[in-house]
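Residues per chain, in single letters:
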Amino acid sequence: MPGLRPIYPLRTERLDLRPHRMDDLDDLYAFHSRPEVVRYTPWPVRDREQTRTALEAKLTQDALTEPGQWLVLAIELRETGTVIGEVLLKWASDTDRQGEIGYALHTDYQGKGYASEAAREVLRLGFDDLGLHRICAILDDRNAPSALLLERLGMRREGHLIECAFFKGEWASEYVYALRADEWRPGRP
């Protein structure tokens, strides 16, 4: 696989998915600073300076040139130009053509289908543009809304790992969801 260098923005019905820019700081801070948003993410609640540092790292995550890298895209609500979240695609393996998706969304915008819309486009990117065979998502088993979102996307629960990670000061159990390219293509909208 040669990797992936998307042409931005990736447009969905209501969203533009694009690389982060430094002027996203206020919008990013608005949800990175919320405990209810980061409860199940691998980062802690961030103050403004921590958010700035994280944003600076995201600025270069706009392409996948080798396995192990994450593509990190801002989810911008086209109507307002507000960054309401982020969506991620990991190129996990070239040989096995494996990937992983993730997402985080500001609480004010949850429950409106935005995360599903963004994740669906990233699945398309992974399967159609990167040529992945299988894409998974790994989540805390207490994150019921995220599990439901993955199921709406057609992903199936493949595993339940009990107390497999010491996460934010406690033992956490994880669900593993996945979807293969041959399952994705027939059901595409």
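The structure under discussion appears in the preceding block.
Computed from a predicted structure; not experimentally measured. Here, residues in each chain are numbered from 1, in the same order as that chain's written sequence. Reporting of local features is limited, given that this is a predicted model, to residues whose pLDDT is at least 70; pairs of side-chain atoms are given and counted only at 80 or more, and all residues count toward the totals for whole chains, interfaces and linings. Only hydrogens and water are removed before side-chain values are computed, so all heavy atoms of the structure are retained for them.

**Student:** Would you explain the overall build of the protein chain in this entry?
**Tutor:** In this text, helices come from DSSP runs of H or I with a minimum length of four residues, and strands from runs of E with a minimum of two, each type numbered from the N-terminal end. Across its full length, the protein chain carries 6 helices and 8 strands. Its helices and strands in sequence order give the protein chain the pattern β-β-α-α-α-β-β-β-α-β-α-β-β-α, from N to C terminus. Taken against the 2.2 N^0.38 rule, which gives 16 Å for 189 residues, the C-alpha radius of gyration of the protein chain at 16 Å falls within 12% of a compact globule. With the principal axes as the frame, the protein chain shows a C-alpha extent of 40 × 40 × 30 Å. Computation of the radius of gyration draws on C-alpha atoms alone. For the globule rule, the value is 2.2 Å times the number of residues to the power 0.38.

**Student:** I would appreciate a short explanation of the nonpolar core in the present structure.
**Tutor:** As a rule of thumb, soluble globular proteins bury nonpolar side chains together. To qualify as a nonpolar core, a set must consist of buried Ala, Val, Leu, Ile, Met, Phe, Trp, Tyr and Cys residues joined through side-chain atoms within 4.5 Å. Throughout this description, buried means an accessible area under 20% of the type-specific maximum (1.4 Å probe, protein chains only), exposed means over 50%, and partly exposed covers the range between. Within the largest apolar cluster, 38 residues are counted, with the highest numbers of intra-cluster contacts made by Leu-17, Leu-89, Ile-101 and Leu-150. Among the elements that line this core, the one with the most residues is helix 4 (residues 114-129), at 8 residues. Pairs of residues are marked as contacts when any of their non-hydrogen atoms sit within 4.5 Å. Discounting residues that sit within four places of it in the chain, Leu-150 has contacts with Ile-101, Tyr-103, Ala-137, Leu-139, Met-155 and Tyr-177. Counting residues in each nonpolar core, the second largest holds 8 residues, with Leu-25, Val-38, Leu-55 and Ala-104 among its members.

**Student:** I keep staring at the pairing of strand 8 (residues 170-180) and nothing clicks. Help me out?
**Tutor:** The two faces of the sheet receive side chains in turn, since in a regular strand these alternate between them. When DSSP finds two or more bridges between two strands, those strands count as paired. Inspection of the sheet shows strand 6 (residues 134-140) paired to strand 8 by 7 bridges, in the antiparallel sense. From the neighbouring strand, Asp-140 faces strand 8, where its bridge partner is Glu-174. Relative to strand 8, strand 7 (residues 156-167) runs antiparallel, the two being bridged by 8 bridges. For Arg-156, the partnering residue across the bridge sits in strand 8 and is Ala-178. Connecting strand 7 to the next strand, strand 8, in antiparallel fashion are 2 residues, including Lys-168 with a positive phi near 50°.

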